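Observations on chain architecture
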Amino acid sequence: MTQDDLAKKVGVRRETIVFLEQGKYNPSLRLAHDVAHALHAKIDELFIFDDDMPEPEDPETRVVLVD
Amino acid sequence: MRETNQRNLSRIITGMLMGVSGLVYVIMTPGEMMIGTILLVAGITFLLSGIIRHTKFDTGPESDERSKKIGAYGLSYGWLTGLFFMFVLFWLDYLNIVRLGTQIALALSIVVLALSARFYQMYLFRKGDIE
């Protein structure tokens, strides 16, 4: 799939896909989801963020999203 | 995509109509140049903008989340630059260092606001994102 095809599929300009590939643009969650969906992949397989956030020391402060 | 083409087509038609009316106005009223010139310049601007947008964005959307974000940030930075410029202008005037008339001060502020916003947008577009 070309950059142009992907851009058309997710409804953005081709330059946005170019900057996404270069890691210079942080997409919205919606766009990340759409790109992942278009490429039949998971978001965390495509977008890797540097984990510079410290883990909470107290386990009780962790937010439980799913039981 | 059809929406983009429709918008560009209306830009081109509006530009042509304004340009022709401006030209006719200039020819029909030899003494009065102002209204005709304004119509002509606005018409040419519309026409060029429609043609350029049509050739540049014909195969995709004119704006997306990145361009909207950068556009908004560019305007915000431009506004801050304008505020700083007016602040400096005020103190220069207050301290009698530079004395500008209202008309020139306003014209300069308009130019600084418009150009700085455009400059920030161009810089951010080249950079890729606002961060």
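Residues numbered from 1 in each chain as written. Chains lettered and ligands numbered in written order. Predicted model: local features only at pLDDT ≥ 70, side-chain atom pairs only at ≥ 80, totals over all residues.

**Re the overall build of chain A**
Test applied: Going along the chain from the N terminus, every DSSP run of H or I of four or more residues is numbered as a helix, and every run of E of two or more is numbered as a strand. Counting other C-beta atoms within 10 Å of its own, a residue is labelled buried from 20 upward, exposed at 12 or fewer, and partly exposed in the gap between, with every C-beta atom placed from the backbone.
For chain A, the count of helices and strands is 4 helices and 0 strands. Reading chain A from its N terminus to its C terminus gives the helix and strand order α-α-α-α. Going through the 67 residues of chain A one by one, you find that 16% of them count as buried.

**Some points on the overall build of chain B**
Our working rule: For a compact globule the rule gives 2.2 Å times the number of residues to the power 0.38, and the radius of gyration it is set against comes from C-alpha atoms. Residue pairs qualify as contacts under a 7 Å threshold applied to their C-beta atoms, which are placed from the backbone.
Check the secondary structure of chain B and you find 4 helices and 0 strands. Taken from the N to the C terminus, the helices and strands of chain B come in the order α-α-α-α. The globule rule puts the C-alpha radius of gyration for 131 residues at 14 Å, and the 20 Å found for chain B is more than 25% above it. With the C-alpha coordinates of chain B rotated into their principal frame, the extents come out at 50 × 50 × 15 Å. Put simply, chain B has 131 residues, and 14% of those count as buried. Pairs at least 24 residues apart make up 69% of the contacts formed inside chain B by residues separated by at least 6 positions.

**Here's the deal with the nonpolar core**
Cut-off, in case you're wondering: For this analysis, nonpolar core means a set of buried Ala, Val, Leu, Ile, Met, Phe, Trp, Tyr and Cys residues linked through C-beta atoms within 7 Å.
Ranked by size, the top nonpolar core spans 8 residues in total: Ala7, Val10, Val12, Ile17, Leu20, Tyr25, Leu31 and Val35 of chain A. When contributions to this core are tallied by element, the ones reaching two or more residues are helix H1 (3-10), helix H2 (14-21) and helix H3 (29-38) of chain A. Excluding residues that lie within four positions of it along the chain, Ala7 of chain A makes contacts with Val12, Arg13, Arg14, Thr16 and Ile17 of chain A together with Gly60 of chain B.

**Considerations on the confidence of the model for chain B**
When pLDDT drops low, the exact placement of atoms in the prediction is not to be read closely. Residues and elements named next belong to chain B. Here is the rule we go by: pLDDT is defined as a per-residue confidence score from the predictor, taking values between 0 and 100.
Looking at chain B as a whole, its pLDDT mean stands at 90, while 95% of the residues score no less than 70. Least confident of the elements in chain B is helix H1 (residues 2-28), whose mean pLDDT is 86; most confident is helix H3 (residues 65-94), at 96. Predicted complex metrics record ipTM = 0.71 and pTM = 0.71.

**Regarding the environment of Leu108 of chain B**
With respect to the helices, strands and loops of the structure, Leu108 of chain B is situated in helix H4 (residues 102-127). Along the primary structure Leu108 of chain B and Gln6 of chain B are separated by 102 residues, whereas in three dimensions their C-alpha atoms are 36 Å apart.

**What about the environment of Glu15 of chain A?**
All names here are of chain A. One can find Glu15 in helix H2. The exposure class of Glu15 is partly exposed, given the 17 C-beta atoms found within 10 Å. For the pair formed by Glu15 and His40, sequence separation is 25 residues and the distance between their alpha carbons is 21 Å.

**With respect to the packing of H1 of chain A against H2 of chain A**
All names here are of chain A. Our working definition: All axes are obtained by fitting lines to C-alpha atoms, using only the stretch in contact for helices, and the reported angles, taken between N-to-C directions, cover 0 to 180 degrees. Working definition: roughly parallel below 35 degrees, roughly antiparallel above 145 degrees, roughly perpendicular at 65 to 115 degrees, and oblique for all remaining angles. If you view the pair so one helix is near and one far, a crossing is left-handed when the near helix is turned anticlockwise from the far one by less than a right angle, and right-handed when it is turned clockwise.
In the contact formed by H1 and H2, the axes pass within 8 Å of each other and the chain directions differ by 110°. Here H2 runs roughly perpendicular to H1, going by the angle between their axes. Crossing hand, H1 versus H2: right-handed. In contact with Gln3, Asp4, Leu6 and Ala7 of H1, H2 contributes Arg14, Thr16, Ile17 and Val18.

**Considering H4 of chain B**
All names here are of chain B. The condition is simple: Given a helix with a known number of residues, its expected span is that number minus one, times 1.5 Å.
If you check H4, its first and last C-alpha atoms are 37 Å apart, about what 26 residues at 1.5 Å a residue would give, namely 38 Å. Looking only at H4, the buried set comprises Ser116, Ala117, Tyr120 and Leu124. Gly128 sits one or two positions beyond H4 and adopts a positive phi of about 115°.

**Considering the packing of H3 of chain B against H4 of chain B**
All names here are of chain B. The following threshold applies: Side-chain classes follow a simple rule in which Ala, Val, Leu, Ile, Met, Phe, Trp, Tyr, Cys and Pro form the nonpolar group, Asp, Glu, Lys and Arg form the charged group, and the remainder, Gly included, forms the polar group.
Close contact between H3 and H4 brings their axes to 7 Å; oriented N to C, the two are set at 145°. In terms of crossing hand, the pair formed by H3 and H4 is right-handed. Residues Ile70, Gly71, Tyr73, Gly74, Leu75, Tyr77, Gly78, Thr81, Gly82, Phe85, Met86 and Leu89 of H3 touch H4, and the partners they reach there are Ala105, Ser109, Val112, Leu113, Ser116, Ala117, Tyr120, Gln121, Leu124 and Phe125. For the contact of H3 with H4, the class distribution of residues is 14 nonpolar, 8 polar and no charged.

**Details of the environment of Asp44 of chain A**
Along the chain, Asp44 of chain A turns up in helix H4 (residues 43-46). Here the alpha-carbon distance between Asp44 of chain A and Ala32 of chain A, two residues 12 residues apart in the chain, equals 9.4 Å.

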